[in-house]
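# Structural overview for review
The primary structure of each chain is shown beneath.
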Amino acid sequence: MKWFPRWVEISVLILASCLGLRASIAQAGRLSACEQPQVVRDPAAALVDAFRTHRVVLLGEVHRSAEMHAFMRALIASPEFGRVVDDIVVEATNVRYQSLLDRYIAGDSVPRDSLRLVWRNSTQLMLWDSPLYEELIETIRDANRKLPSRHKMRVLASDPPIDWRAVNTPSDFPKSFGYRDWQTTEVIEREVLARNHRALVIIGTAHIGRSSPRADSAPIPTERESVGEALARKHPGAAYVVHTVVGSVSPELETTVRDLAAANTLIPIAGTSLANKNSSLLFGKSITLFRNINGHRTAITLNADAMPPLGAVIDGILYLGPYSHEILPEASLYLDDPQYLAEIRRRIAILTKVYGGDFWSDELNAIIKRR
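Note that residues are indexed from 1 along each chain, following the sequence as it is written. Given that the model is predicted, a residue must reach a pLDDT of at least 70 before its local features are reported, and side-chain atom pairs must reach 80 or more before they are shown or counted; all residues, however, enter totals for whole chains, interfaces and linings. Where side-chain values are given, they derive from all heavy atoms of the structure, hydrogens and water being excluded.

### Digging into the overall build of the protein
In this description a helix means any DSSP run of H or I spanning at least four residues, a strand means any run of E spanning at least two, and both kinds are numbered starting from the N terminus. Within the protein one finds 14 helices and 9 strands. Whether two residues touch is decided by their heavy atoms; if any such pair falls within 4.5 Å, the residues are in contact. Within the protein, contacts between residues separated by at least 24 positions form 78% of all contacts whose residues are at least 6 apart in sequence. To measure how exposed things are, a 1.4 Å probe is used in the Shrake-Rupley method; for residues, cover is taken only from the protein chains shown. With the model as given, the accessible surface of the protein reaches about 17,800 Å², and the carbon-plus-sulfur share is 53%.

This is the structure we're talking about:
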């Protein structure tokens, strides 16, 4: 376990003064200025600081965003991060290849084609083929070179251990692999919490919330909990949850935070007016859930009344600015490797039947046409 630096508790003094001020103003019937979010202008330092009180930081990743990845690479490369964080858990990386990933991060020579199997053979198609993700792994490897042995970081794969060679029909695709959060939660519990480690978890924003819209008639079964929900239920207080806003992925939320902060800032929301806002800022004005009711797959549409307050879902908002540039995979990855292209199309055909829809062909064709 890594030792943590002793930093000056300025934030505690500010909080204490705010609490006293809030009490006196409340008696006068006025809203305390302390209920407004206090923007942190060094978000990387703020995330490192979050590990003082939490074993895990769930960082919601905006997939393929150049701005998001520039921030993450700078965070990971900072000396302070390496002195504090033991593990980095990454989405869409197959746990079957953990030993290969360990060797590469430790500095061993691993052929590039072998390393790519870590994400190419996950349950997710094409996502990590964007060059941003290989750059992320390389950044972690480089950061480790500069750290003493007792501070070396480990990258933990967290996608189910699928073996695509054994998947030839939709019935060969394990049902539990269709909803993957249980695997990430299991990795965090076994490799991080059980070892008293600290870990940054890089995973899509849909996986991090501690709470989600609820339908009283059909609650979410535990096997379909998000990572954030499972950790909140089983390990209360273990995780600090950060939702990322960059570009117009969440337009209403982006407008809200833009009025509060400049780009490249962190907005902690606990105890502020923002925490009391409806989480429709995240989920949208309505959301459709599918539940198994009396043996039938049933669509349930929920509006804002069924959505929890924002503070029940996340702890902070990382605002990286109003623009996000998506970096797609290179067309050459597929056109110059007919065998890989054929395998991707084979997997698409299988998963289309598993999920009842083709969510990949249009994107694949668009990437190929970019050459």
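### Section: the side chain of S226
Inspection of the secondary structure assignment puts S226 in the loop between strand 4 (199–204) and helix 9 (227–234). The classification of residues rests on relative accessible area computed with a 1.4 Å probe and restricted to protein chains. Under 20% of the type maximum is buried, over 50% is exposed, and intermediate values are partly exposed. By relative accessible area, which is 6% here, S226 ends up buried. Those residues in contact with S226, other than ones at most four positions away along the chain, are Y179, D181, A206, H207 and G209.

### Here's the deal with a nonpolar patch on the surface
A contiguous nonpolar patch, built from V354, Y355 and F359 and spanning about 280 Å² of accessible area, is present on the exposed surface. Here V354 shows up in helix 13 (residues 338–355). By relative accessible area, which is 30% here, V354 ends up partly exposed. Like charges within 9 Å and nonpolar side chains (Val, Leu, Ile, Met, Phe, Trp, Tyr) within 5 Å are joined into patches, using only residues over 30% in relative accessible area that form no salt bridge. Salt bridges, as used here, are contacts in which a Lys or Arg side-chain nitrogen is within 4 Å of a carboxyl oxygen on Asp or Glu.

### As for the confidence of the model for the protein
Confidence scores per residue from the predictor, reported as pLDDT, run from 0 to 100. Considering every residue of the protein, the mean pLDDT works out to 87; 84% of them sit at 70 or more. Low confidence marks residues 3–33, where pLDDT is under 50. Its contacts with residues over four positions away, or in another chain, come to 23 contacts.

### Points about the pattern of salt bridges
Counted according to the given criterion, the structure contains 23 salt bridges. Salt-bridge contacts for R180 lead to E91; the nearest nitrogen and oxygen are separated by 3.0 Å. Of the two residues, R180 sits in the loop between strand 3 (154–159) and helix 8 (181–192) while E91 sits in strand 2 (residues 87–94), which places them 89 residues apart along the sequence. Among the residues examined, E91 registers a relative accessible area of 4% and is labelled buried. As a salt-bridge pair, R116 and E134 come within 3.7 Å of each other at their nearest N and O atoms. Placement of the pair is R116 in helix 6 (residues 112–120) and E134 in helix 7 (residues 131–145), with a sequence separation of 18 residues. The buried category is assigned to R116, whose relative accessible area is 13%. Salt bridges here are not isolated pairs; linked through shared partners, they connect D102, R154, E186, R190, E191 and R195.

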